[in-house]
Amino acid sequence: MNVETSDDRILAILGGKPVRETYLPYGSQYIDDEDIQMVISTLRSPFLTQGPKIKEFEDEVARFTGAKYAVAFCNGTAALHGAVFAAGITKGDEVITTPMTFAASANCVRYCGGTVVFADIVPKTCNIDINQIKKKRTDRTRAIIPVDYTGQPADLDELMDFAREYGLIVIEDAAHSLGATYKGKKVGSIADMTMFSFHPVKHITTGEGGIITTNSEEFFKRLILFRSHGITRDRNMLKNQAEGPWYYEMLDLGYNYRITDLQAALGISQLSKIESFLKRRRTIAQRYNEAFTGIDGVVIPYQKDDRNSSWHLYVISLNLNHLRVGRREIFEALQQENIGVNVHYIPVHLHPYYERLGYRKGIAPVAESVYETILTLPLYPSMSDKDSYDVIKAVKKVLDHYRAAH
């Protein structure tokens, strides 16, 4: 039995003993022998890229999400770029998205020459606010890119209804929400196009990688074209008569955004374990919820009853009225306890690139306010029970020390 001493209560940042001896990152991949063997077998096959594993992986993702089509890309950002291209966004077009996201959700619009319009968020879920979208829509608006923040789906019914009313395309950034459900439907089968990311910290990994799911044959064909230089050999798509079996045409200015068979092979193996990954994430999230409910200084993530998060991230909000220091001091103290906390995200419009384009602080006051207090705790399937209890112990230790006197 471990007996806590007075030394254990001294913060590591003040010279005390850290809760953990080794550093626990906020996210990490889970790779087993089955994954390794799948990649090795592909290495021994005739195809390292542009081979059969890519379609096999796409078919498995389409099946899992309930979408008709899936097109894999070398990373999630490339996939978003492809979706914006497929939507026909060009110079003069506006696309509405959230500032509470990674920069790629907005950058993909800029790649196509479009104008990014930031709509503020709902404070409880940190997802984009449909009422703010309605205020920001103009005659130049062509698409909406909602982000499923931390794995909880955005308000998709309201978004899709509004989009249909004004002829807009919805590209769901579901980098956080593979395996999440919205009113009983799997994410990936609802929006016009949906992007999933397979970066190592996501639900499954292909090293780097991303995919777009869609039910539209038109979008599917444009995505296939875009990821491979805008080139096709499809006789039904050629503009001129084929000169011979070798003949191909470049129909659009595409990119080389292809995923490899090695990545796809890893993705196939990873996807076979997705249910166990999701179960483990939800177990840890529930453990955190139970531990932090009612603790002064912490607000746990709010979840809507009609959707089931896939818990990519576990983001708490610090109630600074109950603490005698700010978020930075809490962050640094937890790091010294060897807990790899992080912050998701700095609102996109506050980055220097977007400031140079004319975006200013104050255009999304809710997102800006939420950013000041949020903190991401470690959450991933390969965390042990001890790892999760270390996180809880460290958070309570640090908050106990910095809690304001009443």
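Position labels on residues start from 1 in each chain and follow its written sequence. Predicted model: local features are reported for residues with pLDDT of at least 70 only, side-chain atom pairs are reported and counted for 80 or more only, and whole-chain, interface and lining totals are derived from all residues. Side-chain metrics rest on all non-hydrogen atoms present in the structure, leaving aside hydrogens and water.

Draft legend 1. Focus on the overall build of the chain. By definition, any uninterrupted DSSP run of H or I lasting at least four residues is a helix, any uninterrupted run of E lasting at least two residues is a strand, and each is numbered from the N terminus. When its secondary structure is counted, the chain shows 13 helices and 15 strands. Taken against the 2.2 N^0.38 rule, which gives 22 Å for 406 residues, the C-alpha radius of gyration of the chain at 23 Å falls within 12% of a compact globule. Considered along the principal axes of its C-alpha atoms, the chain spans approximately 85 × 55 × 40 Å. Out of the 406 residues in the chain, the part that is buried amounts to 54%. Contact definition: two residues touch when any of their heavy atoms are within 4.5 Å. Residue pairs in contact within the chain that sit at least 24 positions apart in sequence constitute 72% of those at least 6 positions apart. Note on areas: Shrake-Rupley with a 1.4 Å probe; residue coverage comes only from the protein chains shown. Within the structure as shown, the chain displays about 18,200 Å² of accessible surface, and the carbon and sulfur contribution to it stands at 50%. Here the globule rule reads 2.2 Å times residues to the power 0.38, and the radius of gyration is calculated from C-alpha atoms. Only protein chains enter the area calculation, which uses a 1.4 Å probe; residues under 20% of their type maximum are buried, those over 50% are exposed, and those in between are partly exposed.

Draft legend 2. Layout of a nonpolar patch on the surface. On the surface, Ile231, Tyr248, Met250 and Leu253 cluster together into a nonpolar patch covering about 420 Å² of accessible area. Inspection of the secondary structure puts Tyr248 in the loop between β10 (231-232) and β11 (249-250). Residue Tyr248 is classed as partly exposed on the basis of its relative accessible area of 44%. A patch consists of residues exposed above 30% relative accessible area that lack any salt bridge, with like charges linked at up to 9 Å and nonpolar side chains (Val, Leu, Ile, Met, Phe, Trp, Tyr) linked at up to 5 Å. Basic side-chain nitrogens of Lys or Arg form a salt bridge, by our definition, when they fall within 4 Å of a carboxyl oxygen of Asp or Glu.

Draft legend 3. Representation of the pairing of strand β9 (residues 210-214). Among the 5 residues in β9, 5 count as buried, and that is most of the element. Taking every second residue as pointing to the same face, both faces of β9 are buried, with Gly210, Ile212 and Thr214 on one and Ile211 and Thr213 on the other. Sheet analysis places strand β1 (residues 69-73) next to β9, joined by 5 bridges and oriented antiparallel. Looking across to β9, one finds that Ala72 is bridged to Ile211. Two strands are counted as paired when DSSP detects at least two bridges linking them. Note: strand β8 (residues 193-197) against β9, 5 bridges, orientation antiparallel. Note on β9: the bridge partner recorded for Phe196 is Ile211.

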